[in-house]
Amino acid sequence: MTNNDSRMHLDRSAPHTIQVPAHPIWPALNDADKAALRDRVKQLLREQNAVLVAHYYVDGDLQELAEETGGCVADSLEMARFGTTTDADTLVVCGVRFMGETAKILNPEKRVIMPDLDATCSLDEACPADQFSAFCDQHRDRTVVVYANTSAAVKARADWVVTSGIALDIVRHLHERGEKILWAPDRHLGHYVQRTTGADMLLWNGACVVHEEFKSFGLQRLRKLHPDAAVLVHPESPDEVVDQADVVGSTTALIKAVQNLPNKEFIVATDDGIFWKMHQLAPDKKLIAAPTAGEGATCESCAHCPWMAMNALQNLETVLRSGANAIEIDPDTRERAVTSIRRMLDFAAQRQ
Ligand code: 13P
Ligand code: SF4
């Protein structure tokens, strides 16, 4: 990793204050009730020619159901791709709002619904479209690259959209073409990409409330207790945590590491919803959650995204019955946003 900080510029204006909701508490279901609810959801999916498009961070019950019913469980890049390949009429996006918006932008002819439209993301919230647009106006010499975790209106202002799975490749490509980059909204991911590629990047000052809580000192101590464990870190985490990683990557990359590395133990610094898929693919591996706060301290997210937690079997059934929570995107915004998203998908397809 090159540490080329002279090429990293952080927008120093105060970061946005984000209201982080408490984790929703879903009533526990006994086995019989859960089985009946799953059957009803399956029936509704069949009747409506609908598929579930789920992220690795949502509840394991939803991930399981998505797999059993021909949907997908994936990272944000693959979720975006999947929607364009299925012939289902309805995409039920179990994740956060930007994922639903991306699905609708790419598939305007399909109905896209979500269990809860309030499921947002601190990165999306930290990047209001009007302020972001003004920022871009001040730096017109830079290519605008935005993380997928943004609103449709922010994507509409971008030249490129990236996810964590493709960010390094795209920024390296732009850097090789001699382009300077304006990056938003995640400053940690942006700094990781900048350090790795050496690109000249101006960073918006946003952060993920989940990954920002991983603590470097606690991680050092945990590594001493488990010296043979491989450390897996999502690049939305702070530098001092990323620097201790054996593998830094998207959710898919971290899952593959658990499957493929010879280690028996893994310390995992990302949302703990990912453990469901890791356990499924590598049941004999021991997974240890990376520490989020010092002893006795409180944390806002405790390694579990409060917005991802808004997805549950219960509100999935409700939305399938009511048809509510449909994502709509203003046509002009959609037309501009689809260009920057397609650019990413075309680039990823060429790499494959
Ligand atoms: P991935 O694209 O790696 O799944 O990340 C999405 C996300 O929101 C991580 O916090
Ligand atoms: Fe956003 Fe962080 Fe939640 Fe991912 S984990 S959706 S980046 S708040």
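Note that this is a predicted model, so its numbers are computed, not measured.

S.K.: Please provide a residue-by-residue account of the sheet that holds strand S13 (residues 286-289), values included.
M.R.: Spatially, four strands are ordered S11-S10-S12-S13 in an open sheet, and the strand pairing comes out parallel. With one partner strand each, in any of the chains shown, strand S11 (247-248) and S13 form the two edges of the open sheet. Looking at chain direction, strand S10 (residues 230-233) and S11 are connected through two bridges and run parallel. Each residue of the ladder has a partner; that of Val 233, found in S11, is Val 248. Those strands touched by helix H10 (residues 216-225) are S10, strand S12 (265-269) and S13, and its axis lies near 175° from that of S12.

S.K.: Lay out the environment of Met 308 with the relevant residues and their values.
M.R.: Mapped onto the fold, Met 308 is located in the loop between S13 and helix H14 (313-322). In this structure, the C-alpha to C-alpha distance between Met 308 and Asp 116, residues 192 residues apart in sequence, is 9.6 Å. Among residues more than four places away in sequence, those in contact with Met 308 are His 55, Tyr 57, Val 58, Gly 95, Val 96 and Met 99.

S.K.: Residues and numbers for the site of ligand 2, please.
M.R.: Neighbouring residues of ligand 2: Tyr 57, Val 96, Cys 121, Ser 122, Leu 123, Asn 149, Cys 208, Val 210, Glu 236, Cys 305, Trp 307 and Met 308. Mapping ligand 2 onto the cavity grids shows that it belongs to the largest cavity. By residue class, the composition of the shell around ligand 2 is nine nonpolar, two polar and one charged.

S.K.: If you had to explain helix H12 (residues 251-260) to someone new, which residues and values would you point to?
M.R.: Listed in full, the buried residues belonging to H12 are Thr 251, Thr 252, Leu 254, Ile 255, Ala 257 and Val 258. The elements touched by buried residues of H12 are strand S2 (50-55), S10, S11, S12, helix H13 (275-281) and S13.

S.K.: Describe the site of ligand 1, listing the residues and the values that go with them.
M.R.: Taken together, His 55, Tyr 57, Asp 75, Ser 76, Tyr 147, Asn 149, Ser 164, His 211, His 234, Glu 236, Ser 250 and Thr 251 make up all the residues around ligand 1. Between Ser 164 and ligand 1, the recorded distance is 2.7 Å, taken from a side-chain N or O atom to an oxygen atom.

S.K.: Account for the packing of aromatic side chains, naming residues and giving values.
M.R.: A full pass over the atoms with the stated rule returns four aromatic pairs. Geometrically, the ring pair formed by Phe 132 and Trp 204 is edge-to-face, given 5.7 Å between the ring centres and 80° between the ring planes. With Phe 132 in helix H6 (residues 129-138) and Trp 204 in the loop between strand S9 (201-203) and H10, this pair connects stretches of sequence that are 72 residues apart. Among the residues examined, Phe 132 registers a relative accessible area of 0% and is labelled buried.

What counts and what doesn't
Residues numbered from 1 in each chain as written. Chains lettered and ligands numbered in written order. Predicted model: local features only at pLDDT ≥ 70, side-chain atom pairs only at ≥ 80, totals over all residues. Heavy atoms only, no water. Pairing = 2+ DSSP bridges. Helix = DSSP H or I, 4+ residues; strand = E, 2+ residues; numbered from the N terminus. Contact = heavy atoms within 4.5 Å. Axes fitted to C-alpha atoms, helices over the stretch in contact; angles between N-to-C directions. Near = heavy atom within 4 Å. 1 Å grid on protein atoms, 1.4 Å probe; cavity = no way out; pocket = protein on both sides within 12 Å on 5 of 7 lines; lining within 4 Å. Sits in = over half its atoms within 2 Å of the grid points. Nonpolar A, V, L, I, M, F, W, Y, C, P; charged D, E, K, R; others polar. Buried < 20%, exposed > 50% of the residue type's maximum accessible area, 1.4 Å probe, protein only. Polar contact = N/O pair within 3.5 Å; in protein donor to acceptor, adjacent residues only side chain to side chain. Phe/Tyr/Trp six-rings, centres within 6.5 Å; stacked < 30°, edge-to-face > 60°.

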